[in-house]
Amino acid sequence: MKTILGLSIILLLNLNCRAQEQLLTTAEKTDYASTSTYADVIEFTSVLLQEYPEIRWESMAVTVAGREVPLFILADPMPASPEDLENDDRIVVYFQANIHAGEVEGKEATQMLMRDLLQEHPKDVFDNIVLLVCPIFNADGNEKISKENRTNQNGPVNGVGVRYNGQNLDLNRDAMKLETPEVQGLVTQVFNRWDPALSVDCHTTNGSYHEEPVTFTWMMNPNGDRNLINYMRDKFSPAVHRILWDNYNVENVFYGEFIDRLNLENGWISYASEPRYIVNYAGVRNRFALLNENYVYADFKTRVNGCYYLLWSILDYTKTHKNEMKQALDNADSAMIHKFDNKNTIDSFAIEYKGVTTPEKITIKAFEADTIPGAKGYWRYKKSDRKRTVTVDYIADYIPTKNVTLPFAYLLTIKDKELIRNLKMHGIQTDMLEDSLNCEVEQFEIETLTPSSRLNQGHYTEKVAGSFKNIKKTFPPGTLVIKTSQELGNLAAYLLEPQADDGLLVWNYFDKYLAPQWGGGFYPYPVYKLHKISEIDTKPFKQQ
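Residues numbered from 1 in each chain as written. Predicted model: local features only at pLDDT ≥ 70, side-chain atom pairs only at ≥ 80, totals over all residues. Heavy atoms only, no water.

Trainee: Please clarify how helix 11 (residues 300-337) should be interpreted in this entry.
Mentor: The α-helix winds at 3.6 residues per turn, so residues separated by three or four positions along the chain end up facing the same way. In a regular helix each residue adds 1.5 Å, so 38 residues correspond to 56 Å; helix 11 covers only 46 Å between its end C-alpha atoms and thus falls short of that length. Where helix 11 bends most, the angle comes to about 75°, and this point is H321. Where helix 11 begins, the capping side chain belongs to D299, and its oxygen is found 3.2 Å from the backbone nitrogen of K301. (Helix = DSSP H or I, 4+ residues; strand = E, 2+ residues; numbered from the N terminus. Expected span 1.5 Å × (residues − 1). Bend = angle between axes of the 7 residues up to and from the residue. Polar contact = N/O pair within 3.5 Å; in protein donor to acceptor, adjacent residues only side chain to side chain.)

See below:
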């Protein structure tokens, strides 16, 4: 398919005179009545690209409709490639907006931020940070702007785009299954290639009623490095909260919803902890990540400016704490790589977990809610005029309730092209046996396999029950070996553990290998867990 080129010659020919004018986003030019179209974003950023050597464009992906998803690199000096940063003291930060194209303030705020960074050129930012920005991640959904979308949202009055992409899929549910070109591009071209230390994903809320226009929270899946989660919870996020409030006069609170909107004292919860969500996915990769949710009932201008100053606050903190952040990531990587240096090491993976309260309570400037007579479900509430400030428990720590032993390696006995392609896109390192291997392994025997009752992102997702059994098995040459002693070992385990709540079994990657055509019962799950390092550490491998 012919792409819709982001940097068309036609646009560039019209930019010389406009570059001399004050450069404004669509939101700014329309007094926040409208949000940017794809063409608006490309035209705005084309001016920046023409005027400033400190910004460069890369194509992250091409959508199913043929639109390039832009990735902008802001740096001084500008690296020619990520390899140039190997001995660079700067830290890489990634800002992403418009993953849901009805939630648009991040799209406007990131454009404003790029412009102001380039025009003002703050030395302390450029000396310490290489900034990656994608202002319009869901380019196809953005072009379906209508006043009929997100009618509960307070502006812009001229409409917004839609949640889903050109495949009718939610990009913020695709991080594990990788079925969309946008998220495939994010993983391969941003996470694998640039390896940002910190990623920020911008959204708009749909939930509880409060005064604060900006909310945010951190990655929280318990299969990520606990030290990184605690750093974001105890140091980074409280500091950014104070910077945003004290330096930029923007009220803000950690993201969540009231557990019971009619009984606020029951607590405030951040409930989305699976790695299908981009922020938690980054956490399982042992990287810092922040979810920004701007308050849907604040007016559009307030939301845009609140998001803009949140991004500044993140840069303010990161530029002065980059060394300790980079050291924390190095420690997490080293712990994964050297996990089995002691051959007696036993590690675990959480297949079930629950939310518990964080060490500190949270204060919210709330509005009480009333019920709407006759209404049912999520939208049965309405905001009252009764203000009430509450200090309550914040349920945002997720802890394991059921673990399985993490193996030294997984042995994959099927050569499924789509499954192997998924692992490679994630950046998982795989080896291949050159000789046969006879060893003791754990085999997962399926007892029940239950599909969901309704479609979820085009899938009848699977829920499996069963148990592991120790067996002796001979694996032929060509068997794939996925060791967990690699930087992405936690992610590899999440993808391959049969009982993981968001793994590839859940998303139907293994369906055709699990049951015979006739009769009852199930085949063994075709991924085996090898625990004894001595069984394999002298075997020759062919790297994949």
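Trainee: Mind showing me how you'd approach the sheet that holds strand 6 (residues 214-218) here?
Mentor: Sheet strands line up and pair through hydrogen bonds in the backbone, either parallel or antiparallel. An order of 1-2-4-3-5-10-6-7 is seen for the eight strands of this open sheet, with the pairing classed as mixed. For this open sheet the edge positions go to strand 1 (55-62) and strand 7 (252-254), each flanked by a neighbour on one side alone. When strand polarity is set aside, the average angle formed by the axes of neighbouring strands in this sheet is 20°. In this sheet, strand 10 (residues 288-294) lies alongside strand 5 (residues 198-204) in parallel orientation, the contact comprising seven bridges. Its bridge partner being in strand 10, H203 is matched across the sheet by E293. Strands in contact with helix 9 (residues 226-248) are strand 5, strand 6, strand 7 and strand 10; relative to strand 6, the strand with the most contacts, it is inclined by about 160°. (Pairing = 2+ DSSP bridges. Axes fitted to C-alpha atoms, helices over the stretch in contact; angles between N-to-C directions. Contact = heavy atoms within 4.5 Å.)

Trainee: Explain the nonpolar core here, please?
Mentor: In globular proteins that are soluble, nonpolar side chains generally tend to be buried together. F95, L131, W218, F236, I314, L412 and F510 are the most contacted members of the largest nonpolar core, which has 148 residues in total. Broken down by element, this core gets its largest block of residues, 13 residues, from helix 11. When near neighbours in sequence (up to four residues on either side) are disregarded, L412 contacts L419, I420, L423, T479, L480, I482, F510, P526 and V527. Core analysis: the next-biggest nonpolar cluster, separate from the first, contains 15 residues, L433, I471, Y528 and I536 among them. (Core = buried A, V, L, I, M, F, W, Y, C linked by side-chain atoms within 4.5 Å. Buried < 20%, exposed > 50% of the residue type's maximum accessible area, 1.4 Å probe, protein only.)

Trainee: Explain the confidence of the model for the chain to me, please; I cannot follow it from the model alone.
Mentor: Any residue range with low pLDDT should be treated as having predicted coordinates unsuitable for detailed reading. With 94% of its residues at a pLDDT of 70 or more, the chain shows a mean pLDDT of 94. Note that residues 5-13 has pLDDT below 50 and, in this model, 16 contacts with residues that lie over four places away or in other chains. Here residues 15-20 is modelled with pLDDT under 50, and outside its nearest four sequence neighbours on either side it reaches eight contacts, counting other chains as well. (pLDDT = per-residue confidence, 0-100.)

Trainee: It is not clear to me how the environment of I229 should be interpreted in this structure. Could you clarify?
Mentor: Among the secondary structure elements, I229 is positioned in helix 9. In this structure the C-alpha to C-alpha distance between I229 and Y398, which are 169 residues apart in sequence, comes to 10.0 Å. Not counting chain neighbours up to four residues away, the residues in contact with I229 comprise W218, M219, M220, N221 and G224.

Trainee: I keep staring at helix 4 (residues 38-51) and nothing clicks. Help me out?
Mentor: The end-to-end C-alpha distance of helix 4 is 20 Å, a good match for the 20 Å that 14 residues give at a rise of 1.5 Å each. Those residues of helix 4 lying buried are Y38, V41, I42, F44, T45, S46, V47 and L48.

Trainee: I tried to follow the sheet that holds strand 9 (residues 268-269) on my own but got confused; where do I start?
Mentor: Spatially, the four strands line up as an open sheet ordered 8-9-14-11, and their pairing is mixed. Each end of this open sheet is capped by a strand with a single partner; those strands are strand 8 (257-258) and strand 11 (347-357). As paired strands, strand 11 and strand 14 (residues 394-406) are joined by ten bridges and run antiparallel to one another. Counterpart to T357 in the pairing with strand 14 is I395.

Trainee: Help me understand the pairing of strand 19 (residues 480-483), please; the structure alone is not making it clear to me.
Mentor: Two faces, one strand: in a regular strand the side chains alternate between the faces of the sheet. Summarising the sheet, strand 15 (residues 409-412) and strand 19 pair through four bridges and their orientation is antiparallel. Counterpart to L411 in the pairing with strand 19 is V481. Relative to strand 19, strand 16 (residues 431-433) runs antiparallel, the two sharing two bridges. Bridge assignment links M432 to a residue of strand 19, and that residue is L480.

Trainee: Can you walk me through the packing of helix 12 (residues 417-426) against helix 13 (residues 489-496) in this structure?
Mentor: Describing two packed helices takes the angle between their axes plus the distance from one axis to the other. Across the interface, helix 12 lies against helix 13 with an axial gap of 11 Å and an inter-helix angle of 155°. Relative to helix 13, helix 12 is oriented roughly antiparallel. In terms of crossing hand, the pair formed by helix 12 and helix 13 is right-handed. Of helix 13, the residues touching helix 12 (which contributes N422, L423 and H426) are L491, L495 and L496. Counted by class, the contact of helix 12 with helix 13 contains four nonpolar, two polar and no charged residues. (Parallel < 35°, antiparallel > 145°, perpendicular 65-115°, else oblique. Left-handed = near helix turned anticlockwise from the far one by under 90°. Nonpolar A, V, L, I, M, F, W, Y, C, P; charged D, E, K, R; others polar.)

Trainee: Sorry, what's going on with the packing of aromatic side chains here?
Mentor: The relation between two aromatic rings is expressed through the spacing of the ring centres and the mutual angle of the planes. A full pass over the atoms with the stated rule returns 23 aromatic pairs. A centroid spacing of 6.5 Å and a plane angle of 85° characterise the contact between Y94 and F191, whose relative ring orientation is edge-to-face. Placement of the pair is Y94 in strand 3 (residues 91-96) and F191 in helix 8 (residues 181-192), with a sequence separation of 97 residues. For Y94, a relative accessible area of 1% puts it in the buried group. (Phe/Tyr/Trp six-rings, centres within 6.5 Å; stacked < 30°, edge-to-face > 60°.)

Trainee: Hey, could you run me through the environment of N286 in this one?
Mentor: Note that N286 resides in the loop between helix 10 (278-284) and strand 10. Looking at N286, the relative accessible area reads 0%, which means it is buried. In the structure, N286 is positioned 204 residues away from N490 in sequence and 8.2 Å away in space, judged by C-alpha atoms. Apart from the residues lying within four places of it in its own chain, the contact partners of N286 are G224, D225, L228, L329, A332, M336, E487 and N490.

Trainee: Where do I start with unusual backbone geometry in this structure?
Mentor: Generally, phi is negative for residues other than glycine and the peptide bonds are trans, each holding for most cases. The amide bond that connects D76 to the next residue, P77, takes the cis arrangement and shows omega of 5°. Along the polypeptide, P77 turns up in the loop between strand 2 (68-74) and strand 3. Notably, N249 is not glycine yet its phi reads approximately 55°, a positive angle. With respect to the helices and strands, the residue N249 is situated in the loop between helix 9 and strand 7. Located in the positive-phi region is Q457, a residue other than glycine, with phi close to 55°.

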